[in-house]
Amino acid sequence: MLEIKNLHATVGGKGILNGLDLTIGAGEVHAIMGPNGSGKSTLSYVLSGREGYEVTEGEVAYQGRNLLEMEPEERAGAGVFLAFQYPVEIPGVPNTTFLREAVNAVRKYKGAPTLDPMAFLKVLRAKIKELQVPDDLLKRAVNVGFSGGEKKRNEILQMALLDPSLAILDETDSGLDIDALKTVADGVNAMRAPDRSVLVITHYQRLLDYIVPDRVHVLAHGRIVRSGGKELALELEKTGYAGFTGEAA
Amino acid sequence: MAANVETLEQVQAVTEKYKYGFVTDIETETAPKGLSEDIVRFISHKKNEPEWLLAWRLKAYRHWLTMPEPQWAHVDFPPLDYQDSYYYSAPKSKTDGPKSLEEVDPELLKTYEKLGIPLKEQEMLAGVAVDAVFDSVSVATTFKGKLEEQGIIFCPISEAVQNHPELVRQYLGSVVPAADNKHACLNSAVFTDGSFVYIPKGVRCPMELSTYFRINAANTGQFERTLIIADAGSYVSYLEGCTAPMRDEHQLHAAVVELVALDDAEIKYSTVQNWYPGDENGVGGIYNFVTKRGACRGHNSKISWTQVETGSAITWKYPSCILQGDNSVGEFYSVAITNNMQQADTGTKMIHLGKNTRSRIVSKGISAGRSQQTYRGLVKISPKAQGARNHTQCDSLLIGDLCGAHTVPYIECRNRGAVVEHEATTSKISEDQLFYCRQRGISQEDAVALVVNGFCREVLQQLPMEFAVEAQKLVGISLEGSVG
Ligand SMILES: Nc1ncnc2c1ncn2[C@@H]1O[C@H](COP(=O)(O)OP(=O)(O)OP(=O)(O)O)[C@@H](O)[C@H]1O
Ligand SMILES: [Mg+2]
């Protein structure tokens, strides 16, 4: 599904990713953990094509295509979804409108017919029930005045609506209460499928009790310094990152 | 959810940059080029006007000759050559002016269809009565019969001069005096058509009234004049839309709109202005020099201006309210978008004369390309306006680094009990927002349209439903090519 080779990237002239390798097979769930500032969000932005995140070396293949050549919206159309660590507020744009525009834009890329407002509303109603998203969040402007947890739920709602092939969740668990964490995890688990991969960025092993990963990676100083099975997360919980960052420095 | 952004598909459907840029091929009758007393007499004669109106025009013309051009606006253009323009152009027809839709030149009707206002269909469609002004004459007024039943007068102003001279004579120039400013003065001398509306006492006009202006002939100025009178306890909502074909030379549009609201009356006046803005290099486009003013003469009266200004090479326009009656209310909701080389100097004046008068100003300016935009507003509280209140919210959004946004609020407060509040913000379009949209599959251009529509929502929501959708589309279209 995703093959990252020797990825180097700079932000504002500063090298953040320094030779990162990562391969995620179809149907797999991988987790990335790592200290603050190690480059986890940077990786998610590079993969989604954010401006200002300059790739200086390396390759990224997604479903056999050169991901780095594609515009952000093309990547989204091809099934790359990023749940933002800090979801963005868009004043004046009703959430429902935004969700419909997004769904229809992605449907166009996929060659599927667009949904009229009524048809979309049906789909949306079903999803918010499943994910226990309060009705009220749909009428309000995108993320404006949403609580931290509501914003994260809104990201998961978008993921569920857009039906991606590669979902990157950047600290979606941060700021969620325990019940919300469970619903979000259920949402992700429900999407697990042989043709879909998930990359979970998190600081907490707790999330991985609910979303059980196939692989766990430690990112430090802009590269993967260690990979292992789900037990690695438990080990990190006990020992912290000290051992890794020291070695990598 | 009136102003939801329902429109991205529609924006995509519109491929040309300016889809109203076609020219209609019809025979026209045109006065000789240039401006003189004879031309003024010619126009008045063509319209078969009474002596008092000719005298009024001539007085305006003579005064106009002595007036300097207004210089204070933040706009830049070479001096106007008034002799290089035509002041009267009318589609030729066998009879003298169409009496019904059947008599209207089919070519003309086709033009309106292209503009999206098929008159015939509109008679059947949900309540919009349209008075269409093509160059200098009103072409057809739909729905007249139905309105007449309630005593509502909605007709071309030239017709009102013939059929309701006492009303016209009483109110014409009573809100915008002929000598108000150079552009209004020119209009007073040479106005050719426009709409007239009278809503009788206690009548709530059952449908939106609408005028569609279109400049078709080359080198023609358009000088329409609109006069709306809402008698005591009445209500009317009026909308004007404007388009013009693409032409290389600049065309002058100097309109005057006067509104009068008597006791407990309310007028809601909405404009969607989409005149040809010129090309990327500033060649061609309409000079939109318009004087719009409403007088809240009666107690508890209300006048509300809503404007969406996306077109024109230069816009010079300050729809204003004179709040004479006690407890009267003035509102101004504005979205102005400038792209490429467009210039706009627009805003409002709220003149508080009566007690407990209230006004509210919401201005959203979006500048892109190399355009320059100025919000210019005056809030004036007279000594007698005890308890007056104003709230002004003035937000500017910049797209790119080459455009300019300026805010010039004047406040003259001569009553210590009055409350005047002013808030202003200026921001650049947020990269975070655009990226968030694009990550969800929404293209850069659609993302700009979405974010800007959100920025303008408060204003667009004021528009009547059917026009809100059109306005949202326009927002997207006028910003095409502004990013990336
Ligand atoms: N626009 C920028 N200009 C300069 N430095 C930046 C910029 N964006 C990110 N950085 C730096 O890049 C480094 C990596 O940031 P990133 O957000 O990828 O970390 P992270 O691993 O996601 O951290 P966290 O766990 O706190 O979310 C940090 O040192 C950060 O300060
Ligand atoms: Mg991060």
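To be clear, the structure that these remarks concern was listed above.
The model shown is predicted, which means the values in this text are computed figures rather than measured ones.

(A) How the structure looks around the sheet that holds strand β3 (residues 29-33) of chain A. Residues and elements named next belong to chain A. Pairing is mixed across the open sheet formed by 6 strands, whose spatial order is β6-β9-β10-β3-β11-β12. Each having just a single partner strand, β6 (80-83) and β12 (223-228) make up the two edges of the open sheet. Averaged over neighbouring strand pairs, the angle between their axes works out to 20° when direction is ignored.

(B) Main features of the sheet that holds strand β1 (residues 2-11) of chain A. Residue and element names in this part refer to chain A. In spatial order, the strands read β2-β1-β4-β5; together these 4 strands make up an open sheet with antiparallel pairing. At either margin of the open sheet sits one strand with a lone partner, and together these are β2 (14-24) and β5 (65-66). As judged from the 8 bridges shared by β1 and β2, these two strands associate in the antiparallel manner. Looking at β2, one finds that Leu 7 is bridged to Leu 20. The strands that helix α1 (residues 40-48) touches are β1, β2 and β4 (53-62); relative to β1, the one it contacts most, it runs at about 110°.

(C) Broad picture of the state of the cysteines. Residue and element names in this part refer to chain B. Taken as a whole, this structure holds 0 disulfides over all chains when the rule is applied. Of all cysteine sulfurs in the structure, the one in Cys 296 sits closest to Cys 321, which takes part in no disulfide; the separation is 5.6 Å. Free cysteine Cys 403: the closest other cysteine sulfur is in Cys 456, separated by 14 Å.

(D) Expanded view of the coordination of the magnesium ion (ligand 2). Residues and elements named next belong to chain A. Those donors, Ser 41 (OG) and Gln 85 (OE1), are the protein atoms that reach the magnesium ion (ligand 2), and they lie 1.9 to 2.1 Å from it. Here Ser 41 is found in helix α1, whereas its partner Gln 85 is found in the loop between β6 and β7 (90-94), with 44 residues between them in sequence. Its relative accessible area of 14% is what places Gln 85 among the buried residues.

(E) Spatial organisation of the pairing of strand β20 (residues 372-381) of chain B. Residue and element names in this part refer to chain B. Counted residue by residue, β20 has 8 buried out of 10 residues, so it is predominantly covered. Pairing geometry for strand β18 (residues 343-352) and β20, over 10 bridges, is parallel. Residue pairing for β20: Lys 349 is matched across the bridge by Leu 378. The pairing of β20 with strand β22 (residues 404-413) spans 10 bridges and is parallel.

(F) Molecular detail of the site of ligand 1. Residue and element names in this part refer to chain A. Taken together, 15 residues lie around ligand 1, and Gly 37, Lys 40, Ser 41, Thr 42 and His 203 are the ones closest in. One of the side-chain nitrogen or oxygen atoms of Lys 40 is found 2.7 Å away from an oxygen atom of ligand 1. The side chain of Glu 171 places a nitrogen or oxygen atom 3.3 Å from an oxygen atom of ligand 1. Contributions of two or more residues to the shell around ligand 1 are made by β2 and α1. Tallying contributions element by element places α1 first for the shell around ligand 1, with 3 residues. Looking at the shell around ligand 1, its residues break down into 4 nonpolar, 8 polar and 3 charged.

(G) Expanded view of the nonpolar core. Residue and element names in this part refer to chain B. Ranked by internal contacts, the top residues of the largest apolar core, which has 97 residues, are Ile 366 and Val 452. When residues of this core are assigned to their parent elements, the largest contribution, 9 residues, is made by helix α11 (residues 444-460). Setting aside chain neighbours within four positions, we find Ile 366 in contact with Val 335, Ala 336, Ile 337, Thr 338, Gln 373, Leu 397, Ile 399, Val 452, Phe 455, Cys 456 and Leu 479. Trp 52, Leu 227, Ala 313 and Tyr 318 belong to the second largest nonpolar core, which has 52 residues in total.

(H) Looking closely at the interface of chain A and chain B. In this assembly, 39 residues from chain A lie in contact with 24 residues from chain B. Buried surface at the junction of chain A and chain B, both sides included, amounts to about 2500 Å², of which 57% is carbon and sulfur. When residues of chain A are sorted by the area they lose upon contact with chain B, Arg 50, Glu 73 and Glu 101 of chain A head the list and together hold 21% of the total. Across the contact surface, chain A and chain B share 4 salt bridges. Close ionic contact of Glu 155 of chain A with Arg 440 of chain B constitutes a salt bridge, the shortest N to O distance being 2.7 Å. Taken together, the connections running from chain A to chain B amount to 13 residue pairs in polar contact (both at pLDDT 80 or more). Residue composition of the side of chain A that touches chain B, grouped by class: 22 nonpolar, 8 polar and 9 charged.

Parameters and conventions
Residues numbered from 1 in each chain as written. Chains lettered and ligands numbered in written order. Predicted model: local features only at pLDDT ≥ 70, side-chain atom pairs only at ≥ 80, totals over all residues. Heavy atoms only, no water. Pairing = 2+ DSSP bridges. Helix = DSSP H or I, 4+ residues; strand = E, 2+ residues; numbered from the N terminus. Axes fitted to C-alpha atoms, helices over the stretch in contact; angles between N-to-C directions. Contact = heavy atoms within 4.5 Å. Disulfide = S-S within 2.5 Å. Donors = N, O, S within 2.8 Å, 3.2 Å for Na, K, Ca; no water. Buried < 20%, exposed > 50% of the residue type's maximum accessible area, 1.4 Å probe, protein only. Near = heavy atom within 4 Å. Polar contact = N/O pair within 3.5 Å; in protein donor to acceptor, adjacent residues only side chain to side chain. Nonpolar A, V, L, I, M, F, W, Y, C, P; charged D, E, K, R; others polar. Core = buried A, V, L, I, M, F, W, Y, C linked by side-chain atoms within 4.5 Å. Buried area = accessible area lost by both parts, 1.4 Å probe. Salt bridge = Lys/Arg side-chain N within 4 Å of Asp/Glu carboxyl O.

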